Every structure is written in structure tokens, then in C-alpha cells.
Amino acid sequence: MDLSLNGTQLMVRKAVRSFAREALEEWAGVLDRESRPLPSELTAEMGRINLWGIQAPREYGGADLDGISYTVAIEELSRVSAAVGLGVTVHNSVCLAPLLKFGTQDQLNRYAHELASGKKIGGFTVTEPQAGSDAASICTTAVRKGDRYIINGQKAFVTNGGTGDIFLVAATLDPKKKARGIAVFIMEKNMPGFEVGKVEDMMGVRGNMVSELYFNNVSVPAENILGRAEDGFRVCMQALDIGRIGIAAQALGIGMAAYEAAAGYAAERRQFGRPIGEFQGVAFKLAEMKTGLDAARLLIYRAAHLKDKGLPYSVESAMCKRYASSVAMEVCREALQVFGGYGYVKDLPVERYFRDAKITEIYEGTSEVMNIIIGNAIMKEFERM
Ligand SMILES: Cc1cc2nc3c(=O)[nH]c(=O)nc-3n(C[C@H](O)[C@H](O)[C@H](O)COP(=O)(O)OP(=O)(O)OC[C@H]3O[C@@H](n4cnc5c(N)ncnc54)[C@H](O)[C@@H]3O)c2cc1C
């Protein structure tokens, strides 16, 4: 068992870290304050260094990297800007990855290159106003008409919704069939009847234009169904298995940023004639942070490693997201405490890390839903014994 990063993975860390520090750092606070997306030149620059096609094959213009390199890239981006990390992970893991996994050759020819190069930005949308954790209860309908489907409905909280171009959209062919009636459609924003609704005013990750989407009689060719029509729920669940590793890496990146800021401050800030890090009350906080973050990283790498090996990883993916997101929340809470009053004001980024961390416990399945997945697997295992 070798727990160290290999040469390629170290190179990815170095390259993404220096890009994030040199190009994104100055934008991270601006995106948050103004709730605005990254300038298009930076999005294009990220395409040039393959961040929009991290694991896509080279034939589609991707970097063809392994799953651990992918998590390393998301961690490094999210250390600087969780909002940018979010946009990149959603595009790669719940849009491009399922397209590569389930797409027909025709779908790959039409969409894979544009997505992997970052010329088009992708999203994935299941959630609706009345269907969140209970994803099988979606109401967006798809009705067959000749060789096309007519899509009607509303989606909520779509990451990359305001800026994206291509979306994987879950719709029901028959609401009575619940999960077994769902299909996933590849939809383009410029299809007539496709409208972007309100962009959300959020607590964190404010540089991502998370929005509503509306479909009013959008006519989609039948060849845009991803996977088999009645198999859409499975496509969505497999997409989320991949996605959750990315969200865990995002949580790790946010936690690392908060931990490093707190450790640096604890070494510098003096009270009672000593650096505050010399007080056990503060040093123990740093010890807990570092231990939790290292443990989260190991769970993330394990899930990515299993996925790369083609072994089952759904439960491990849920476990790494469940753990990394709560570690990130705890680390940010304690980091803010180490900064005292200075942690509470907007001059320093610690309060942003705290706000950004919270969402990792909610999207791509809440912590409670992760526990349901893990708990069900435990019961299955022990009931067999
Ligand atoms: C910033 C942001 C970006 C997002 N991006 C996307 C996206 O790109 N695509 C997309 O499809 N969705 C997206 N979402 C939606 C997100 O995945 C959902 O918000 C999440 O799955 C929870 O659904 P909900 O908000 O409807 O909460 P609900 O499902 O209503 O849950 C409310 C509470 O009840 C708990 N709960 C629900 N059921 C159970 C149960 N059986 N047992 C125990 N507790 C339960 C939940 O854990 C939660 O605490 C995004 C959300 C946000 C805020």
C-alpha cells in the first residue's frame, strides 16, 4: 500500500496550486462579495490547462488523468475559491463523466469535446422545488412526440445554471413509476423554451451562478436521452457517486485553507506575552483540525482509487463526502475562533471559508442522506451474515 502521490499527481498539485494562487486568489473575494461569475478569460485559461476535462480522454481534448489527480485539482482550486472549485467539479463529475460513461458515439461527437475543452460549461439537474432528497418524486415531464420528447417543468438550485450551456436534465416519462420512469436528457440552453430563472442569492459559494431553470415545451431529439430511457435514475445515482468525491475534495480544500490560515495566525498573534498557538487551548484546536483533514483526505483518495480500479465505490464515496464535509465545517468553526474578533469581519477570508463550508453538507445529497446510504449498506452486510 503506497499512500503517497505519484509523479503525475504531484505535478497536478503543483500546476493547479500555482494557477489558483496566481490567477484566482485576487478574484476569490470579489466573486464572493459581488456574487458574480469568473471573468470569461479565466474560464478560457482554465480550459487551456485542462481543468474542464480533467479525466476526459485525450481524443476529446481532456487531460486523461486518474481520479486522485482529479481530487487533488479540486482541493487546490477550492483552497482558493470554493465557488470555482464547485463549478469545475460539477462540470467534470456530474455532467461530463456520465456523458463519457453512458453516451452514444453520436452524443460524444456532439458534446464531449466542447465540454472537455471548456468551450461549453456543463451542469446536472435533478432537484425541483418539491423534490430534493426524494429525487424520484420529480415532476418535470418528458412526453414522446414522434422522434422527439417535449419537456415541461421547473428545476431548482442548478449549479452553473446561470453560466452553463449544456445540462443533463432528469425528467419523468411516467410519474406513477417514480424512479423507474425517469430519463436523463442532454439539453442545450439555446433550445427554444429553455429559460434561466432566478439566480440565487446565497450564503456561500457566491461566485457560482446557481439558478432555477424552466422548460416550456422544449423539444429535444430522442437521441439526446443519456443511457436507456427507463434507466435515468441509475444514471443520476452513478453520476452522484462520482460527484460526491469531488464535493468531498472541495470540502477538504476549504478546510485546508481555514486550517492553514488559523495555524499561521496562531504562530503570529501574541497575547499574554506569547504566540496564542503556545496555549494548549489553541494548539489542541489545530491538532484536531489537522487530524480530521488528513483522515478526510485518506477517505477521499480511497474512494477515488476504488473508482479508478473499477471496483464498487458508492458507499466509500458517501463516506468520504459525509466525513469531509463535517470536518470542513468543524475546522472552519474552530479556525474562526482562533482568529477571535478578526475572524468575524470581512477583511479576512476566514468568515468566507465558514460560509462556503456549510453547503458541502447539503448538496449532492445531505449528510443525513449519506448516512442512509452508509446505513443501508451496513444492514445489507449484517443481514447476510
Ligand atoms: C448551492 C446549491 C447548489 C446545488 N446544485 C445542485 C445541482 O447542480 N443539481 C441538482 O440537482 N441539485 C442541486 N442542489 C440541490 C441539493 O442537492 C438539494 O438542496 C439537496 O439534495 C437537499 O434537498 P432539499 O434542499 O430539497 O432538502 P430536503 O430534501 O427537503 O431536506 C430537508 C432536510 O430534511 C432532511 N431529510 C430529508 N429526507 C430525509 C430522510 N429520509 N431521513 C433523514 N433526513 C431527511 C435533509 O437531510 C435535510 O436536512 C443544490 C443546492 C444548493 C443549495
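Rules and cut-offs
- Residues numbered from 1 in each chain as written.
- Predicted model: local features only at pLDDT ≥ 70, side-chain atom pairs only at ≥ 80, totals over all residues.
- Heavy atoms only, no water.
- Helix = DSSP H or I, 4+ residues; strand = E, 2+ residues; numbered from the N terminus.
- Buried < 20%, exposed > 50% of the residue type's maximum accessible area, 1.4 Å probe, protein only.
- Contact = heavy atoms within 4.5 Å.
- Near = heavy atom within 4 Å.
- Polar contact = N/O pair within 3.5 Å; in protein donor to acceptor, adjacent residues only side chain to side chain.
- 1 Å grid on protein atoms, 1.4 Å probe; cavity = no way out; pocket = protein on both sides within 12 Å on 5 of 7 lines; lining within 4 Å.
- Sits in = over half its atoms within 2 Å of the grid points.
- Nonpolar A, V, L, I, M, F, W, Y, C, P; charged D, E, K, R; others polar.
- Domains from an automatic or database assignment.
- Buried area = accessible area lost by both parts, 1.4 Å probe.
- Salt bridge = Lys/Arg side-chain N within 4 Å of Asp/Glu carboxyl O.

**Quick notes on the overall build of the protein chain**
Okay, step 1: The number of helices and strands found in the protein chain is ten helices and ten strands.
Okay, step 2: Dimensions of the protein chain, computed from the C-alpha atoms along their principal axes, are close to 80 × 55 × 40 Å.
Okay, step 3: Relative to its full complement of 385 residues, the protein chain shows a buried share of 55%.
Okay, step 4: Sequence-distant contacts in the protein chain: of pairs separated by 6 or more residues, those separated by 24 or more amount to 71%.

**Observations concerning the site of the ligand**
Okay, step 1: Near the ligand there are 18 residues, and of these Thr127, Ser133, Phe157, Thr159 and Thr366 occur at the shortest range.
Okay, step 2: Threonine 127 places a side-chain nitrogen or oxygen 2.7 Å from a nitrogen atom of the ligand.
Okay, step 3: Between the ligand and phenylalanine 157 there is a distance of 2.9 Å, counted from a nitrogen atom to a backbone nitrogen or oxygen.
Okay, step 4: Applying the majority rule of atoms within 2 Å of the grid points places the ligand in the largest pocket.
Okay, step 5: Those elements that place two or more of their residues in the shell around the ligand are β1 (122–125), β3 (148–158) and α10 (367–384).
Okay, step 6: Each residue belonging to the shell around the ligand can be placed in one class, and the counts come to ten nonpolar, six polar and two charged.
Okay, step 7: When residues of the shell around the ligand are assigned to domains, at least three fall in each of domain 2 (123–230) and domain 3 (233–384).

**A word on the domain arrangement of the protein chain**
Okay, step 1: According to the domain assignment, the protein chain consists of domain 1 (7–121), domain 2 (123–230) and domain 3 (233–384).
Okay, step 2: Computed over C-alpha atoms only, the centres of domain 1 and domain 2 are separated by 22 Å.
Okay, step 3: Across the boundary between the two partners, domain 1 contributes 27 residues, which contact 21 residues of domain 2.
Okay, step 4: Overall, the association of domain 1 and domain 2 removes approximately 2100 Å² of surface from exposure, summing both partners, and the carbon and sulfur fraction of that is 62%.
Okay, step 5: Inspection of the region where domain 1 meets domain 2 yields zero salt bridges.
Okay, step 6: Broken down by secondary-structure element, the contributors of at least two residues to the side of domain 1 that touches domain 2 are α1 (7–34), α4 (82–102) and α5 (105–116).
Okay, step 7: Element by element, the count of residues in the side of domain 1 that touches domain 2 is highest for α4, at eleven residues.
Okay, step 8: Considering only residue class, the side of domain 1 that touches domain 2 consists of 14 nonpolar, five polar and eight charged.

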